[in-house]
Amino acid sequence: MKFNNFFYSLIAIILLSSCASSKINKTLKQGNIVQEDFKTSIPFEYRKGLIILKVTIQNEVYDFILDTGASNVLSKELAEKLDVISLGSENVTDIHKTSQLLNYTKIDDIEIGGINFQNTIAAISDFNNGILACLNADGFIGSNLMRFAVWDFDFENKLITITDNEQKLNIPSDATEAKMFIGTAASEPSIISYINGDKALNNLIDLGNNSTPHLSYLDFVKQKESNKITKYIAGSGYASGVGMYGKGDKKKEYSAKIDQITIGNQIITDKIMRVKDGKTNLGISFFKNYRLILNWKAKKIKMIKEGTSNNTELYGFGFNPNFNGNKVFVDFIYNDTEASKVLQFGDQVLQINNVNYSNITNENKCDFFNNGLIPKETDEITIKILRNEEELEFQLKKVRLL
């Protein structure tokens, strides 16, 4: 990925409630599929590493982000266009546990690949703020809709097969199988894994996470104390990525090298994971070398290996730049790196190589976002920053951080 070198992840948005028996949990379970005997395959595209599907609502086609860690979401503009009726409001949280009170509604019919999903629930949110505005998406397809079918993801060929019966899929006999646990609210899927031999619960399968997989902080501490994790790097800043409502709090964070992750009989070795609060979170980059089949009814996942594992090493310049409004700032720095000797958290980035970031407008911001603040192929940079009204310039090389 170009943007922020592994440290860009978008949204895990879930309708929250105070208790498992609350009205919203029951409401989210609503929905059905019109067809009873179906199998369809549909192409998708990657947009900043996220899965974008074409969906049809009221005979018009829209771009939706697929996110298994989410419930359905409609942009405010689309909700107004569809003239939906609000059923109520509920606190909705993003990946930083920041909540806002949002309205939710019922979508009468969403057609995906000729399959009609009816009467599913969606939150309504503003997509015009922050990076969401650059993705040109109209909504999210979440697990509360996906739970009514079997979904077969071919990440390499960018193809999704949706069916009512797993027997209609050509699944090799040696496919890895694991039990899938289903969340009480949006029906988000989780599995159990073994990290360096230790059982890890609540591994969220989050296909709305397009960055490095996340390791639970509690699991990290336990494994670090038992010397099962010995390779890690610390830093501080806003490393947790951008959520629905912006950035989280500045904090100390880690990235760690995991020797072995076991799911079913599948062993994944030498994986870089970012340590964060909450659940272990396995996203697109983790599953991208597999064909992944999610079956809510059978409460099973299947994995068929198709490629070589990636994210086995962490390279970078020792810091991450990011937007804050229409300016770019240094918002994460790794400890004990060359960058940590010359840069400070909060430095305004004026220029990187020959690209000027001092005059970002609402019109060109998405161009910078889409092109990447530091293109992936860059190995050496000259960075000009503004600190205490003084312009400073430094040279940095890309190095192996972990």
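What you are looking at is a predicted structure, and each value in this text was computed from that prediction instead of being measured. (Residues numbered from 1 in each chain as written. Predicted model: local features only at pLDDT ≥ 70, side-chain atom pairs only at ≥ 80, totals over all residues. Heavy atoms only, no water.)

Draft legend 1. Geometry of helix α5 (residues 217-225). Within α5, burial applies to Asp219, Phe220 and Gln223. The arc enclosing the buried residues of α5, seen along the axis, measures out at 100°, which places them on a common side. When the buried face of α5 is taken as reference, the exposed residues oriented beyond 90 degrees from it are Leu218 and Glu225. Measuring from the backbone nitrogen of leucine 218 back to the side-chain oxygen at the start of α5 gives 3.3 Å, which picks out serine 216 as the cap. Remark: asparagine 227 follows α5 within two positions and exhibits a positive phi of approximately 65°. (Buried < 20%, exposed > 50% of the residue type's maximum accessible area, 1.4 Å probe, protein only. Helix = DSSP H or I, 4+ residues; strand = E, 2+ residues; numbered from the N terminus. Arc of directions from axis to C-beta. Polar contact = N/O pair within 3.5 Å; in protein donor to acceptor, adjacent residues only side chain to side chain.)

Draft legend 2. The arrangement of the state of the cysteines in detail. Considering all chains together, one arrives at one disulfide under this definition. Shown here is the disulfide that connects cysteine 134 with cysteine 366, its sulfur atoms set 2.2 Å apart. Measuring handedness by torsion sign, the sulfur bridge of cysteine 134 and cysteine 366 sits at about -85° and is left-handed. Note that cysteine 134 is positioned in helix α3 (residues 132-135) and cysteine 366 in helix α8 (residues 365-371), a separation of 232 residues in sequence. (Disulfide = S-S within 2.5 Å.)

Draft legend 3. Fine view of the sheet that holds strand β13 (residues 159-163). Strand order in the open sheet made by the six strands is β3-β13-β12-β25-β26-β14, with antiparallel pairing throughout. Edge positions in the sheet fall to β3 (39-43) and β14 (176-179), since each has one partner strand and no second. Within the sheet, the average angular offset between the axes of one strand and its neighbour, ignoring direction, is 15°. Note: strand β12 (residues 150-154) against strand β25 (residues 290-295), five bridges, orientation antiparallel. What sits directly across from valine 150, in β25, is asparagine 295. (Pairing = 2+ DSSP bridges. Axes fitted to C-alpha atoms, helices over the stretch in contact; angles between N-to-C directions.)

Draft legend 4. Structural detail: the packing of aromatic side chains. Following the criterion strictly, the structure yields 11 aromatic pairs and no others. Here the aromatic rings of phenylalanine 44 and tyrosine 46 are separated by 5.1 Å at their centres, their planes lie at 90°, and the arrangement is edge-to-face. Of the residues examined, tyrosine 46 reaches a relative accessible area of 23% and is grouped as partly exposed. Ring centres of phenylalanine 286 and phenylalanine 287 lie 5.1 Å apart, and the angle between their planes is 80°; this geometry places the pair in the edge-to-face category. Take phenylalanine 286: its relative accessible area is 2%, and that puts it in the buried class. By relative accessible area, which is 0% here, phenylalanine 287 ends up buried. Three or more aromatic residues joined by ring pairs form one cluster here, namely Phe117, Trp151, Phe153 and Phe155. Sitting over the face of the ring of phenylalanine 148, arginine 147 holds its NZ or CZ atom 4.8 Å from the ring centroid. Positioned over the ring face of tyrosine 46 is lysine 288, at 4.3 Å from the centre of the ring. (Phe/Tyr/Trp six-rings, centres within 6.5 Å; stacked < 30°, edge-to-face > 60°. Lys NZ or Arg CZ within 6 Å of the ring centre and 35° of its normal.)

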